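The primary structure of each chain is shown beneath.
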Amino acid sequence: MYGKRILLGITGGIAAYKIAYLIRILKKQEAEVKCIMTPASSAFISPLVVSTLSKNQVGIEFWDKNTGVWNNHVAYAEWADVFLIAPATMNTIGKMANGLCENLLLATYFSMKGRTIVAPAMDLDMYKHPSFLRNIETLTNDGVTVIPAEDGELASGLEGEGRLAEPEMIASFLAAFMSAAQPVSEKRICITAGPTHEALDPVRYISNHSSGKMGFSIAKAALLRGYEVVLICGPTEETLLHPLFTRIDVVSADEMLTAVKRIWQTCDLGVFSAAVADFRPAIIADVKMKKKEQTTSIQLEQNPDILKWASFERQNNQKVVGFALETNNEKENALLKLEQKNLDFVVLNSTQDKGATFGGEQNKVTIFGKDGELVELELQNKFDIAVKLMDIIENVNA
Ligand code: PMT
């Protein structure tokens, strides 16, 4: 981030307190940081803190009554390589989407020549409100990039989506955004993510612990590179809003295969990170199985291998990347998958690695190419892994 000029817009929400940490991370990464605050935000974080950490004066009003200095929104917009608005409240997003220009921050947004990123933060009902979703769609159509809010405990005491993404996550998103190569545009990627649920009866299923986070991170990294993304996911809580992003929700492996078959020939690249159940119950009971039926064994049959299907049906130089989730003989098993499934790359992750694989924010992977090359990535954020994976795939495509 050395020398990158980050203009940080802070709006009036409780998550504004996190911005102090974000500024510190960006400064440590040697970015130049200037901040604009809405008047409402100074109730949540002191301009003195923002100014001290960013080592720059903070713009709040068009005209600073104390110094007589006019804060020129055009000068801010011309200075910035990127304008990051975090936290972005429902109010500010609504005004950005509807051309309302009542403060310095909004005037600067409407004057930007470079890219703008918003990181929304609000209560969960607002975050799902049709009006918010409409405004976000308008902003993405206007070329604004959205860092989705996270799920978790909210200041209101409610639990759900709407928390500002963590400062580390925003900083790594920003770094990837700034360093992304020129968009490869007009390329389409198919990604599978999450678990599959294989029904046993109307209320029970066989599945695994996949959260979908790895696949959604790959989707975010691909969007940053200008790919159009089609993500086919099993049941997951993850969300993502972007104009180049299509999500197809499925439940079972069979449904996932049907969805992949429908779009595969329109894609240039496939990254198959889903934890597809290898087996499904041979018979799905029509009604809930009763305890008294004394069913102590379930007959299973094999699910179709979606990755293998896509790999052997490829045309026109399509690239195929698979994952291997192993508990033992990791390298051997991963290389076997690379060969048997005819892959360009296999991404190995092992349940032996603490803090990696299912559910969490981090993963630790080794990427093997079909020509024997190998890249080992330390335990890190799934998004950072996704960015590096896309780099590796792109280099081979070049
Ligand atoms: O979702 P998270 O909580 O973020 O966790 C991420 C992850 C651990 C699920 C992910 O990193 C991962 O390892 N995904 C692959 C899990 C898996 O099913 O591995 P596998 O070794 O069993 O399968 C090998 C490959 O074949 C995978 O690309 C898989 O998507 C694919 N496959 C497997 C079986 C099947 N019937 N169809 C498939 O397409």
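Here, the structure is the one placed above.
Residues numbered from 1 in each chain as written. Predicted model: local features only at pLDDT ≥ 70, side-chain atom pairs only at ≥ 80, totals over all residues. Heavy atoms only, no water.

**A closer look at the pairing of strand 14 (residues 269-272)**
Here is step 1: Across the two faces of strand 14 the burial is the same, with L269 and V271 and G270 and F272 all buried.
Here is step 2: Pairing of strand 9 (residues 188-193) with strand 14 involves four bridges; the strand directions are parallel. Among the inter-strand pairings, C190 is bridged to a residue of strand 14, identified as G270.
Here is step 3: Relative to strand 17 (residues 319-326), strand 14 runs parallel, the two sharing four bridges. (Buried < 20%, exposed > 50% of the residue type's maximum accessible area, 1.4 Å probe, protein only. Helix = DSSP H or I, 4+ residues; strand = E, 2+ residues; numbered from the N terminus. Pairing = 2+ DSSP bridges.)

**Topic: the site of the ligand**
Here is step 1: Taken together, the neighbourhood of the ligand is formed by 27 residues, with S210, F272, A274, K337 and N349 sitting nearest.
Here is step 2: Side-chain polar atom of K341 to an oxygen atom of the ligand: 3.0 Å apart, as the coordinates give it.
Here is step 3: Taking 770 Å² as the accessible area of the ligand by itself, protein coverage stands at 96%.
Here is step 4: For the shell around the ligand, the secondary structure elements donating two or more residues are helix 9 (213-224), helix 11 (306-312) and strand 17.
Here is step 5: With four residues, the top contributor of residues to the shell around the ligand is strand 17.
Here is step 6: Tallied by class, the residues present in the shell around the ligand amount to 12 nonpolar, nine polar and six charged. (Near = heavy atom within 4 Å. Polar contact = N/O pair within 3.5 Å; in protein donor to acceptor, adjacent residues only side chain to side chain. Areas by Shrake-Rupley, 256 points an atom, 1.4 Å probe, with all protein chains shown as cover. Nonpolar A, V, L, I, M, F, W, Y, C, P; charged D, E, K, R; others polar.)

**Observations regarding the nonpolar core**
Here is step 1: With 69 residues, the main nonpolar core has V229 and V271 as its most contacted residues.
Here is step 2: A domain-level breakdown of this core finds at least three residues from each of domain 1 (5-179) and domain 2 (188-285 + 294-397).
Here is step 3: Excluding its chain neighbours within four sequence positions, the residues that come into contact with V229 are I189, I191, A219, A222, L223, L244, F245 and T246.
Here is step 4: Counting residues in each nonpolar core, the second largest holds 26 residues, with I36, A77, M96 and L104 among its members. (Core = buried A, V, L, I, M, F, W, Y, C linked by side-chain atoms within 4.5 Å. Domains from an automatic or database assignment. Contact = heavy atoms within 4.5 Å.)

**A word on a positive patch on the surface**
Here is step 1: Residues K288, K290, K291 and K292 make up a contiguous surface patch of positive charge.
Here is step 2: Tracing the sequence through the fold places K288 in the loop between strand 15 (279-281) and strand 16 (300-302).
Here is step 3: In this structure K288 comes out as partly exposed when scored by relative accessible area, which is 42%. (Patch = residues over 30% accessible without salt bridge, like charges linked within 9 Å, V, L, I, M, F, W, Y side chains within 5 Å. Salt bridge = Lys/Arg side-chain N within 4 Å of Asp/Glu carboxyl O. Lys, Arg positive; Asp, Glu negative; His and termini not counted. Charge placed at Lys NZ, Arg CZ, Asp CG, Glu CD.)

**Digging into helix 5 (residues 104-111)**
Here is step 1: The buried fraction of helix 5 is high, at six of eight residues.
Here is step 2: If you check which residues of helix 5 are buried, you get L104, L105, L106, A107, T108 and Y109.
Here is step 3: A side-chain oxygen of the first residue of helix 5 lies 3.2 Å from the backbone nitrogen of L105; this N-cap is N103.

**What about the sheet that holds strand 20 (residues 374-381)?**
Here is step 1: Spatial ordering of the open sheet is given by 13-12-9-14-17-18-19-20, a layout of eight strands whose pairing is mixed. Looking at strand neighbours, the two that pair on one side only are strand 13 (245-249) and strand 20, the edges of this open sheet. Across the sheet, the mean angle separating the axes of adjacent strands is 15° when strand polarity is ignored.
Here is step 2: The sheet contacts of helix 9 involve strand 9, strand 12 (228-233), strand 13, strand 14, strand 17 and strand 19 (362-369), and relative to strand 12 the element is tilted by about 170°.
Here is step 3: Running at roughly 160° to strand 12, helix 10 (residues 253-263) makes contact with strand 9, strand 12, strand 13 and strand 14 of the sheet. (Axes fitted to C-alpha atoms, helices over the stretch in contact; angles between N-to-C directions.)

**Here we look at helix 10**
Here is step 1: Listed as buried for helix 10 are A253, M256, L257, A259, V260 and I263. Along the long axis of helix 10, the arc covered by the buried residues comes to 165°, so they all point the same way.
Here is step 2: Of the surrounding elements, those touching the buried residues of helix 10 are strand 9, strand 10 (198-201), strand 12, strand 13, strand 14 and helix 11. (Arc of directions from axis to C-beta.)

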